[in-house]
Amino acid sequence: MQGTGAMNVPARQPGRHFLQIPGPTNVPDRVLGAIALPTIDHRGPAFAALASEVLSQIRTIFKTGQPVIIYPSSGTGAWEAALVNTLSPGDRVLMAETGHFAMLWREMAERLGVQPEVIPGDWRHGADPAAIEARLAEDRGHSIKAVCVVHNETSTGAVSRIEEIRRAIDRAGHPALFMVDTISSLASIDYRHDEWGVDVTVGGSQKGLMLPPGLGFNAVSPKALAASESARLPRSFWDWQAMLAANTKGFFPYTPASNLIHGLREAIAMLHEEGLDNVFARHARHGEATRQAARAWGLEIQCADPREYSGSLTALVMPDSHSADGVRAHILRRFNLSLGNGLSKLNDRVFRIGHLGDFSDVMLAGTLSGVEMGLRERGVALAGSGVAAALDYLSRTNLRPNGPAGS
Ligand SMILES: Cc1ncc(COP(=O)(O)O)c(C=O)c1O
């Protein structure tokens, strides 16, 4: 068929689409196969056995011995569940302006009738433990009921240091609940719900868990459960108590996303076959390779603090004279490769390379090649070849299937 436009784009693009946005991520065939199993009776014994197994196994991914609630929802629903189960109208919550997603969570809190107080940020750093400690130390009357932090800020690629924030809350001697959004870090960047003393961990299916969108998670501490008994924000669909009561027998209070739960069982098995530590090392290494490419191209990395670099994604700043969206659109058209856009105040200024989920060295090499060709074709002056730098790094730091081989 005759294509349209100067580039003569054909109706069909051969080869696989490269889905390199920072989630949803590429879903492996094994997970797709599990999701394609026949839909079963969600009130029957086969489902109860499946759900009981998955509700138990998912705890290993959050690194918790406490309940993990699974909603048929996107991550936004799991954000709402965390707030409405634990807070009452007018409660203060302390949040950190790490980027677009932290600000969306704040807007939600406002709409639900709690009072967010935001520690300002420049969208280039994670949440500052010292600033959180100082604000909590001032709050002698303990009017702040929760501290809410986004672990991996997907709009910037900056990771907040959750363990340090936990220590900061403890140093301030403050009883606030600690809630953490791990939507783009879970199963990609090390995370420990119990060890780090988190009260509610919010997760989603469509990133490190290698599933399509459609599941939201809350891992819940005993302290959060106790708070839910007196919390007065209205809730029905999101109510933890109803969920937990039904979950004890492997059921849900309403129709669960049963096919996605089949997929989740497979995804958890795959993560353990690889080994969670290997999964984290793979993501960290792909993040470093991508940054090496960025430096060789001469492009600035949005995350300004090397301690906070993300293994899930890298946001790159476009030189002033170029449109990040123009480059992304060109790369999609030419190479069938999707990259993440700049969100809200970073609109058209940055583009984001997702390197999370089911991802390998050659997939990264392909992605970076598409980016490099696209930048060149759009006339962006590059200092050198990012692809060459990344390949050099990848081959020097080869990972054997069961662990790092060294150089
Ligand atoms: C860190 C973070 N929080 C929250 C969300 C919102 O999740 P969802 O779009 O699944 O509702 C996203 C989505 O990308 C995210 O990356």
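In this text, all values refer to a predicted model and were calculated from it rather than measured experimentally.

So, how was this worked out
Residues numbered from 1 in each chain as written. Predicted model: local features only at pLDDT ≥ 70, side-chain atom pairs only at ≥ 80, totals over all residues. Heavy atoms only, no water. Helix = DSSP H or I, 4+ residues; strand = E, 2+ residues; numbered from the N terminus. Expected span 1.5 Å × (residues − 1). Buried < 20%, exposed > 50% of the residue type's maximum accessible area, 1.4 Å probe, protein only. Contact = heavy atoms within 4.5 Å. Near = heavy atom within 4 Å. Polar contact = N/O pair within 3.5 Å; in protein donor to acceptor, adjacent residues only side chain to side chain. Areas by Shrake-Rupley, 256 points an atom, 1.4 Å probe, with all protein chains shown as cover. Nonpolar A, V, L, I, M, F, W, Y, C, P; charged D, E, K, R; others polar. Axes fitted to C-alpha atoms, helices over the stretch in contact; angles between N-to-C directions. Parallel < 35°, antiparallel > 145°, perpendicular 65-115°, else oblique. Left-handed = near helix turned anticlockwise from the far one by under 90°. pLDDT = per-residue confidence, 0-100. Pairing = 2+ DSSP bridges.

Peer 1: In this structure, what is going on with helix H12 (residues 361-377)? I would like to understand it.
Peer 2: Each α-helix winds once per 3.6 residues, and so residues spaced three or four apart point in a common direction. The terminal C-alpha atoms of H12 lie 24 Å apart, and with 17 residues this matches the ideal 24 Å at 1.5 Å per residue to within 8%. Residues of H12 that are buried: Leu364, Ala365, Thr367, Leu368, Gly370, Val371, Glu372, Gly374 and Leu375. In this fold, the buried residues of H12 make contact with strand E1 (18-20), helix H10 (276-297), helix H11 (324-335), strand E13 (337-341), strand E14 (350-354) and helix H13 (386-396). Phi for Gly379, located one or two positions after H12, is positive at around 80 degrees.

Peer 1: Would you take a moment to explain the site of the ligand for this structure?
Peer 2: Around the ligand, the neighbouring residues are Ser74, Gly75, Thr76, Trp79, Phe101, Val150, Asn152, Thr154, Asp181, Ile183, Gln206 and Lys207. In this structure, an oxygen atom belonging to the ligand sits 2.8 Å away from a side-chain N or O atom of Gln206. Contact distances for the ligand include 2.7 Å between an oxygen atom and a side-chain N or O atom of Lys207. Calculation on the ligand without its partners gives an accessible area of 390 Å², and the protein chains cover 86% of this total. Among the elements that take part in the shell around the ligand, helix H3 (residues 75-86) stands out by supplying three residues, more than any other. Here the shell around the ligand is composed, by residue class, of four nonpolar, six polar and two charged.

Peer 1: For this particular structure, what's the right way to read the packing of H3 against helix H4 (residues 100-112)?
Peer 2: To describe two helices that pack against each other, one gives the angle between their axes and the distance between the axes. Contact geometry for H3 and H4: axes closest at 10 Å, N-to-C directions at 50 degrees. Viewed along their axes, H3 and H4 adopt a mutual orientation that is oblique. Taken as a pair, H3 and H4 cross one another with a handedness that is right-handed. Residues Thr76, Trp79, Glu80, Leu83 and Val84 of H3 lie in contact with H4, whose contacting residues are Phe101, Leu104, Trp105, Met108, Ala109 and Leu112. Taken together, the residues of the contact of H3 with H4 sort by class into nine nonpolar, one polar and one charged.

Peer 1: Help me understand the confidence of the model for the protein chain in this model?
Peer 2: Any region with low pLDDT has predicted coordinates that should not be read closely. Averaged over all residues, the pLDDT of the protein chain is 96; the fraction at 70 or higher stands at 96%. Confidence drops under pLDDT 50 across residues 403-407; counting only partners more than four residues distant or on other chains, this segment forms 10 contacts.

Peer 1: Any chance you could explain the side chain of His174 here in plain terms?
Peer 2: Its place among the elements puts His174 in the loop between helix H6 (162-171) and strand E8 (177-181). Among the polar contacts made by the side chain of His174, one reaches the side chain of Asp139 at a distance of 2.7 Å. Contacts of His174, omitting those with residues within four sequence positions, involve Leu136, Asp139, His142, Ile144 and Ile169.

Peer 1: Whenever I open this one, the pairing of E14 confuses me. Can you help?
Peer 2: Residues in a regular strand point their side chains to alternate faces of the sheet. Within E14, five of the five residues are buried, which leaves the element mostly enclosed by the surrounding structure. Here E14 shows two buried faces, one formed by Val350, Arg352 and Gly354 and the other by Phe351 and Ile353. Judged from the five bridges that link them, strand E12 (residues 313-317) and E14 form a sheet pairing that is antiparallel. What sits directly across from Leu316, in E14, is Phe351. The sheet contact formed by E13 and E14 spans two bridges and is antiparallel. Of the residues in E14, the one forming a bridge with Gly340 is Arg352.

Peer 1: Quick question: what am I supposed to make of unusual backbone geometry here?
Peer 2: Glycine aside, the phi torsion of most residues is negative, and most peptide linkages are trans. Cis rather than trans, the peptide bond between Gly23 and Pro24 has omega equal to -5 degrees. One can find Pro24 in the loop between E1 and helix H1 (29-35). Of note, the phi angle at Ala187 is positive, near 65 degrees, even though the residue is not glycine. Structurally, Ala187 can be placed in the loop between E8 and strand E9 (200-204). With phi around 60 degrees, Asn336 is a residue other than glycine that occupies positive phi space. Its location among the elements puts Asn336 in the loop between H11 and E13.

Peer 1: How should I be thinking about the side chain of Arg282 in this particular structure?
Peer 2: Relative to the helices and strands, Arg282 resides in helix H10. Within the local environment of Arg282, its side chain forms a polar contact with the side chain of Glu274, the two groups lying 2.7 Å apart.

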